[in-house]
Amino acid sequence: MFNFDFYNPTRIFFGKDRLDVIDKNVPANANVLITFGGGSAKKSGLIDKVKANLGSRKVIEFGGIEPNPRYETLMKAVEVVRNENIDFIIAVGGGSVIDGTKFISLSSHYQGNATDLLKYGFTPITSEVIKKVVPFGVVLTLPATGSEMNSGAVVSYNHGKFPVMSEFSFPKFSILDPTITFTLPKTQVANGVIDAFVHTLEQYITFPVDAKVQDRMAEGILQTLIEIGTTTEAEPENYDARANLVWSATMALNGVIAVGVPQDWTTHMIGHELTALFGIDHGQTLAIIYPAVMNVCREQKHAKLVQYAQRVWNIATGTDDEKIDLAIQKTKDFFESLGVKTRLSDYGVTADKIPVVVEQLKAHGLTALSETGKVTLEVSQKILEQAF
Ligand code: NZQ
Ligand code: ZN
């Protein structure tokens, strides 16, 4: 196991009817900004419920944060924070609203041009750059990204998607009420299951470092998602199934299974380009790319792929290669069972666009991906061809 530091200060309130904790966890005299998306939280009455729990505090609403939140939209919210002396934000939404809020929080007191903050990639932005942030809490409406309990965000700018990391970007608290997610359309539930599944895989299928706890936890999350995936999609109001999806998604990317192990993220980086270029949903891009990554990178991932086949899919017979082939097929079948297509061509993208994706990877400096750095642009091209 590698050496590691671990820090996660986000307070979690899980379960039914938890909005009353807002009052105790937001400073009594705060000026509050509520951020939300295209309207689902307004329509369901959730925004009004959040407001009711803020009592007599001054509250301003900022809606319209779109999926794959755009820099320009977020800077409009920064203006509101500055003009209205906002000192606490509550993000009501999925990954896009939460990520957008993290960027608003980081940018509001930043002295320079906020596009600077898009240049750090996976390198955390430190107190040398950020002197003050606006603290924020979360009411989660979509289980998928883990953003409710991590310090990362992804911001869309200029035909690219830019990761932004900072230890100042952990939510102060997150309310995880599975019943709030009952209104999700099936496609978003499927996206969420796949996002959580692939987050887990990208921290698990690398090379072995004898991290037994992390491996068993990752396998537990994967098996839970396989067990409840189609049920929670077909029965949105099945509380137990949904509760297990919500906690799986949070656990998949809150840093716990990441400690002391190598990480991949090839699929996410290629997937972000597909979203930026063609507007394909984040979860769908992962269903397209991950099976191809397993196949193309089967040598560097050999031992963990065999472990995945044996322990997650209970494949006990055959040669190692047969086990890996079957595990890849079962992974694809699982994604397809959720109604999500697993080929690039299923989304109307033509083969002549593959070099365009590779160009974008190059433009964004993503030329040595994966746990080994061996996924060069040539290998990414191969992955995209396999995925086509
Ligand atoms: O905007 P509204 O009207 O609210 O509708 C949203 C949106 O259209 C809808 N929705 C959310 N909750 C709902 C609901 N509809 C009905 N009922 C509810 N309860 O769902 C749609 C998608 O929402 P979005 O927030 O975009 O989805 P998701 O949570 O999948 O977030 C995706 C974003 O997160 C980033 C992705 O790149 C993408 O930008 N990621 C963030 C990560 C992180 N911070 O750690 C890691 C991930 O890998 C990912 O990259
Ligand atoms: Zn993801």
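Residues numbered from 1 in each chain as written. Chains lettered and ligands numbered in written order. Predicted model: local features only at pLDDT ≥ 70, side-chain atom pairs only at ≥ 80, totals over all residues. Heavy atoms only, no water.

Quick word on the pairing of strand β2 (residues 31–36)
The buried fraction of β2 is high, at six of six residues. Of the two faces of β2, the one lined by N31, L33 and T35 and the one lined by V32, I34 and F36 are each fully buried. Here β2 pairs with strand β3 (residues 58–62) via five bridges, running parallel. Looking across to β3, one finds that L33 is bridged to I60. With five bridges joining them, β2 and strand β4 (residues 88–93) adopt parallel strand pairing. In the strand pairing of β4, I34 is matched with I90. (Buried < 20%, exposed > 50% of the residue type's maximum accessible area, 1.4 Å probe, protein only. Helix = DSSP H or I, 4+ residues; strand = E, 2+ residues; numbered from the N terminus. Pairing = 2+ DSSP bridges.)

A look at the site of ligand 1
Taken together, 31 residues sit near ligand 1, with G38, S40, G95, S96 and K161 positioned nearest. S40 places a polar side-chain atom, nitrogen or oxygen, 2.7 Å from an oxygen atom of ligand 1. Contacts to ligand 1 include H272, whose side-chain N or O atom sits 3.1 Å from an oxygen atom. Protein chains bury 87% of the 970 Å² of accessible surface belonging to ligand 1 in isolation. The set of elements that each furnish at least two residues to the shell around ligand 1 consists of α5 (95–107), β6 (152–157), α6 (186–204) and α9 (266–278). Across the shell around ligand 1, the residue classes break down as nine nonpolar, 19 polar and three charged. Both of domain 1 (11–180) and domain 2 (185–387) provide at least three residues apiece to the shell around ligand 1. (Near = heavy atom within 4 Å. Polar contact = N/O pair within 3.5 Å; in protein donor to acceptor, adjacent residues only side chain to side chain. Areas by Shrake-Rupley, 256 points an atom, 1.4 Å probe, with all protein chains shown as cover. Nonpolar A, V, L, I, M, F, W, Y, C, P; charged D, E, K, R; others polar. Domains from an automatic or database assignment.)

Comments concerning the coordination of the zinc ion (ligand 2)
Six octahedrally arranged donors around a metal ideally form angles of 90 or 180 degrees; four tetrahedrally arranged donors ideally form angles of 109.5 degrees. Protein-derived coordination of the zinc ion (ligand 2) comes from D195 (OD), H199 (NE2), H268 (NE2) and H282 (NE2), at a distance range of 2.0 to 2.2 Å. Each donor residue of the zinc ion (ligand 2) belongs to the same chain, with the gaps between them written as D-x3-H-x68-H-x13-H. A residue pair is termed long-range when its members are at least 10 positions apart, and D195 in helix α6 and H282 in helix α10 (residues 282–296) qualify at 87 residues. A relative accessible area of 2% places D195 in the buried class. (Donors = N, O, S within 2.8 Å, 3.2 Å for Na, K, Ca; no water.)

Just distances and angles here, no functional claims.
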